[in-house]
Amino acid sequence: LEIFVKQYLSKEALTRYFTIKSTNPKFAIQILSFFNEAVNKKYIIGQLSDNEFKNLLRRIQEPKKEFRLNK
């Protein structure tokens with residue numbers, strides 16, 4: 001699956017993916033599955049630049065929960 005995804009990422013985006021993979025393997029798997037589905041449904045055609053990949057990552061990530069302490 002990773003080999004399949006590599007062909008759709010620019011050099012910079014691929015570097016970003018491998019950084020994520022080394023620091024957060026669970027998120028990397030999530031990226032691969034999302035990416036595979038998006039390519040199969042023809043949402044992604046051609047190579048993604050680093051900026052496009054960053055925007056995609058923001059959409060995939062779960063929103064962080066905010067904690068407020070009331071005094």
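Computed from a predicted structure; not experimentally measured.

Can you explain the overall build of the chain? Please cite residues and give values.
Scanning the chain from N- to C-terminus turns up four helices and zero strands. Each helix and strand of the chain, placed in order from N terminus to C terminus, yields the pattern α-α-α-α. Dimensions of the chain along its principal axes, counting C-alpha atoms only, are 50 × 25 × 20 Å. Within the span of the chain, comprising 71 residues, buried residues form 31% of the whole. Of the contacts made within the chain by residues no fewer than 6 positions apart, 67% connect residues no fewer than 24 positions apart. For the chain, the computed accessible surface area is about 5,900 Å², with 52% contributed by carbon and sulfur atoms.

Can you explain the packing of helix α2 (residues 11–23) against helix α4 (residues 50–60)? Please cite residues and give values.
Between α2 and α4, the least distance of the axes is 8 Å, while the angle of their chain directions is 35°. α2 and α4 meet at a crossing whose hand is right-handed. Side by side, α2 and α4 meet where E12, A13, R16, Y17 and I20 of the first sit next to D50, F53, K54 and L57 of the second. Residue composition of the contact of α2 with α4, grouped by class: five nonpolar, no polar and four charged.

Describe the nonpolar core, naming the residues involved and giving the relevant values.
Membership of the largest hydrophobic core comes to 20 residues, with the highest contact counts inside it found for L9, Y17, I31, F35, I44 and F53. Secondary-structure elements contributing two or more residues to this core are α2, α3 (25–40) and α4. A total of seven residues in this core trace back to one element, the largest contributor, which is α3.

Which residues make up α2, and what values do they have?
Counted at 1.5 Å a residue, the expected span for α2 with its 13 residues is 18 Å, and the 19 Å between its end C-alpha atoms agrees. Within the sequence span of α2, burial applies to A13, L14, Y17 and I20. Seen along its axis, α2 keeps its buried residues to an arc of 120°; they face one direction. Across α2 from its buried face, at more than 90 degrees, point the exposed residues K11, S22 and T23.

How would you explain α4 if you had to name every residue and give the values?
Buried residues of α4: D50, F53, L56, L57 and I60, and no others. Within α4, the buried residues cover an arc of 120° as seen down the axis, which keeps them to one side. In α4, those exposed residues whose orientation departs by more than 90 degrees from the buried face are N51, R58 and R59. Looking at the buried positions of α4, the neighbouring elements they touch are α2 and α3.

The rules behind the values
- Residues numbered from 1 in each chain as written.
- Predicted model: local features only at pLDDT ≥ 70, side-chain atom pairs only at ≥ 80, totals over all residues.
- Heavy atoms only, no water.
- Helix = DSSP H or I, 4+ residues; strand = E, 2+ residues; numbered from the N terminus.
- Buried < 20%, exposed > 50% of the residue type's maximum accessible area, 1.4 Å probe, protein only.
- Contact = heavy atoms within 4.5 Å.
- Areas by Shrake-Rupley, 256 points an atom, 1.4 Å probe, with all protein chains shown as cover.
- Axes fitted to C-alpha atoms, helices over the stretch in contact; angles between N-to-C directions.
- Left-handed = near helix turned anticlockwise from the far one by under 90°.
- Nonpolar A, V, L, I, M, F, W, Y, C, P; charged D, E, K, R; others polar.
- Core = buried A, V, L, I, M, F, W, Y, C linked by side-chain atoms within 4.5 Å.
- Expected span 1.5 Å × (residues − 1).
- Arc of directions from axis to C-beta.

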